[in-house]
Amino acid sequence: MPVKTKYNSEMDDLNGACKDYKLHLTVLLCIVIAEYIGVISLDLAGISIVLMPLLYSLVLAIAFYIAKPITWISEDQSEKSTAIMMLLIGPLLAKLAIASGQNIGIIFNAGPAILLQEVGNLGTIFAAMPIALLLGFKREAIGMTSSICREPQMAVVIDKFGFASPETKGFFTVFLIGTVLGTPFISLLTSVLAYLIPLHPFAYGMACGIGSASMNAAAVASLATIYPQYAVEMEAFSGMANLIAMVTGMYVYIFVALPLTERLYNLLEPIISKITDKKLKIEGETVNEL
Amino acid sequence: MNFNLSISTIIEWIGILLIFSIMTAIGNYVGFQYPLQEALIGMFILCFISLLGLIIEKILPWNVPSILYISIIGLLIALPWSPVSAPVIYYTSKVDLISITAILLAYAGIAMGKDLKDFKKVGIKGIIVTCFVIFGTYFASALIAQVVLSYTGMI
C-alpha cells in the first residue's frame, strides 16, 4: 500500500501536472456529464436517497482509468491526480471557512453545541472497533477505528507505533478508502439518516464537520438538498466544527482517543477473538478436508 | 533565509488553481446556471486564499499544515467587520459546493486508478470498517449536537 509520510511533499511534486491538458480535459468531461445529470432524489421504499454529481464524476473517472482505449489516462496521470487533489482541498476549505465567518453570529449562539459535538467524533471507536475485531483485524483495528484517519492524526500514529506497525497499516487502510469512497459514502449516509432518524438539521449540519474537507462538503451539500431552507446555517456550523476538529484533532487523538481505543481493544479483543477463533477453526477444518 | 519554496512551485500551484477555477465555473454553469463570470471571480477569491495559506505554511517556521491557515484566513475575511466581506461573500456564494466536490472526486477517481489493486487486497472488510468509522463519527456527533441544541433552547 502506498504510504504517504508527509502530505505536502506530495504537493510539491506536481511534475508539471498543469500542462497535462488531456488529463484536465478528461476531468472536465467527467464533471460536465456529472453536472448535467445533476442531483437526483431516488425514492426507495420511503427513504429518499440523494445522488450527487460527485458520485457520477468519481465513477466516470474510474471508468476512464480502466477503459483500455483511453491511453492518455494511466499511472502517471494517477500520480499527478493525487498531488492535484491535495491542492484542491484548499479552495474547498476556504469556501467552508467563508460560510463560517459570514455567520459568526449564529455560530456564537450555537457555540456550546458545536464544541460538545466534537466529543461525538469518538463515536467511531465504539461503532467500528467491534466490527473490525469481528472481521478478524487485530492490532490494525486500533489504527483503523481510533479516528476518522485524516491528516491531523497521521503523524501521531506513525510516531507512536512506528511506520511498519499493524496500527499504522490499519490507519492507512482507512485513510485510503476514506479519501476516495468516504466522500460518496457520507453523502449517501446523510440523506438516509436524515429520513430514518430525523434529528434537527442543525445537529446534522454540525456533525458534518468531522475534520475532512471533502467529506464535510459532500455531507453538507447533500443535507442542503434535503433542507434547502437551512443550507446557510448548516454550511456555517459544519465549517466551524470542521475547523475545531482540525485544530484540536491531534491533541484529542493523543490524550483521549488513542488511550480509549487501546482500553476498549484490551477489553473486547479476548472476547471477540474467542468467537472468531472458533469460526477460523471450522474454516480451517474444511480446508484440511479439501 | 531558506524558505524551501521555489518560484516554479508557486507557478505550478497557480496553474493548477487556474485550471480548477475555470472547470468549476463551467461545472457550475452546467449544473446550476450561475453566471460564468461571477463564479469565476468567486473561484479566484477561493484560490487566492488557498495560495496564501500554502505560501504562509512554507514561510512560517511552525509545523502547521496549510489547511489551517486557509481556514483561518477564509474565516477572518468573511467576518462582518472585515472590509472585504461583502464582495467576498457575494462572489463566493456563486460557487456551489457541489461543483467543487465533483471535480475533486473526478481527480480522486483517476488517482484511485493506480491503487485499485490495493483496494482489492484490503477488500470488502476494510471498506466495511471505514463505513462504520465514518458512521460512528458522524452520528455520535449529531446525537450530542441534538441534545445540546435542545438543552440550550436553540431548536
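Residues numbered from 1 in each chain as written. Chains lettered and ligands numbered in written order. Predicted model: local features only at pLDDT ≥ 70, side-chain atom pairs only at ≥ 80, totals over all residues.

Considering the overall build of chain B
Within chain B, the regular secondary structure consists of six helices and zero strands. Along chain B, helices and strands appear, N-terminal first, in the series α-α-α-α-α-α. Here the C-alpha radius of gyration of chain B, 20 Å, is well above what a compact globule of 155 residues would show, namely 15 Å. Overall size of chain B, expressed as C-alpha extent along the three principal axes, is 50 × 45 × 45 Å. Intrachain contacts of chain B at a sequence separation of at least 6 include 57% that bridge at least 24 residues. (Helix = DSSP H or I, 4+ residues; strand = E, 2+ residues; numbered from the N terminus. Rg over C-alpha atoms; globule rule 2.2 N^0.38 Å. Contact = placed C-beta atoms within 7 Å.)

With respect to the overall build of chain A
The helix and strand tally for chain A stands at 13 helices and two strands. Relative to a compact globule of 290 residues, whose C-alpha radius of gyration would be 19 Å, chain A shows 21 Å and is just as compact. C-alpha extents for chain A along the principal axes are approximately 55 × 55 × 45 Å. In chain A, buried positions account for 55% of the 290 residues. Counting only contacts in chain A whose residues sit at least 6 apart along the sequence, the fraction spanning at least 24 positions is 77%. (Buried ≥ 20, exposed ≤ 12 C-beta atoms within 10 Å, placed from the backbone.)

Let's talk about the interface of chain A and chain B
Taken together, the contacts link 101 residues of chain A with 84 residues of chain B. At 22 residues, the largest contribution of residues to the side of chain A that touches chain B is made by helix α4 (residues 75-102) of chain A.

What to know about the packing of helix α12 (residues 213-226) of chain A against helix α5 (residues 97-113) of chain B
Helices that pack against each other are described as a pair by the angle of their axes relative to one another and the distance between those axes. Remark: α12 of chain A packs on α5 of chain B, axes separated minimally by 9 Å, with the N-to-C direction vectors making an angle of 135 degrees. Judged on the interaxial angle alone, α5 of chain B and α12 of chain A are oblique. Remark: the crossing between α12 of chain A and α5 of chain B carries left-handed chirality. Of α5 of chain B, the residues touching α12 of chain A (which contributes Ser 214, Ala 217, Ala 218, Val 220 and Ala 221 of chain A) are Leu 97, Ile 98, Ile 100, Thr 101 and Leu 104 of chain B. The residue inventory of the contact of α12 of chain A with α5 of chain B, partitioned by class, reads eight nonpolar, two polar and no charged. (Axes fitted to C-alpha atoms, helices over the stretch in contact; angles between N-to-C directions. Parallel < 35°, antiparallel > 145°, perpendicular 65-115°, else oblique. Left-handed = near helix turned anticlockwise from the far one by under 90°. Nonpolar A, V, L, I, M, F, W, Y, C, P; charged D, E, K, R; others polar.)

A short note on the environment of Thr 225 of chain A
Residue and element names in this part refer to chain A. Structurally, Thr 225 is set in helix α12. A tally of 21 C-beta atoms within 10 Å means that Thr 225 is categorised as buried. As a C-alpha pair, Thr 225 and Gly 182 span 43 residues in sequence and 19 Å in three-dimensional space. Setting aside its immediate chain neighbours within four residues, Thr 225 contacts Val 39 and Val 50.

A closer look at unusual backbone geometry
Even without a glycine there, the phi angle at Cys 149 of chain A is positive, about 60 degrees. With respect to the helices and strands, Cys 149 of chain A occurs in the loop between α8 (140-145) and α9 (151-161). Owing to 30 C-beta atoms within 10 Å, Cys 149 of chain A belongs among the buried residues under this scheme. Unlike most non-glycine residues, Gln 33 of chain B shows phi in positive territory, near 55 degrees. You can see Gln 33 of chain B is positioned in the loop between α1 (7-32) and α2 (36-59). For Gln 33 of chain B, a count of 8 C-beta atoms within 10 Å puts it in the exposed group.

Topic: the domain arrangement of chain B
When its domains are assigned, chain B resolves into domain 1 (7-114) and domain 2 (116-155). Each of domain 1 of chain B and domain 2 of chain B has a C-alpha centre, and these two points are 27 Å apart. (Domains from an automatic or database assignment.)

Quick word on helix α4 (residues 85-92) of chain B
Given 3.6 residues to a turn, an α-helix orients residues that are three or four positions apart in the same direction. Of the residues making up α4 of chain B, those classed as buried are Val 88, Ile 89, Tyr 91 and Thr 92 of chain B. Buried residues along α4 of chain B sit in contact with α4 of chain A together with α2 and α3 (66-78) of chain B.

Regarding the confidence of the model for chain B
All names here are of chain B. Averaged over every residue, the pLDDT of chain B is 86; the share at 70 or more is 97%. When pLDDT is averaged over each helix and strand of chain B, the minimum, 85, is found for α5 and the maximum, 90, for α2. Scoring the predicted complex yields pTM 0.79 and, for the interface, ipTM 0.87. (pLDDT = per-residue confidence, 0-100.)

Examining the environment of Val 39 of chain A
Residue and element names in this part refer to chain A. Tracing the sequence through the fold places Val 39 in the loop between α2 (21-37) and β1 (40-44). Here the alpha-carbon distance between Val 39 and Met 52, two residues 13 residues apart in the chain, equals 4.9 Å. Sequence-distant contacts of Val 39, that is, excluding residues within four places in its chain, are made with Val 50, Leu 51, Met 52, Pro 53 and Thr 225.

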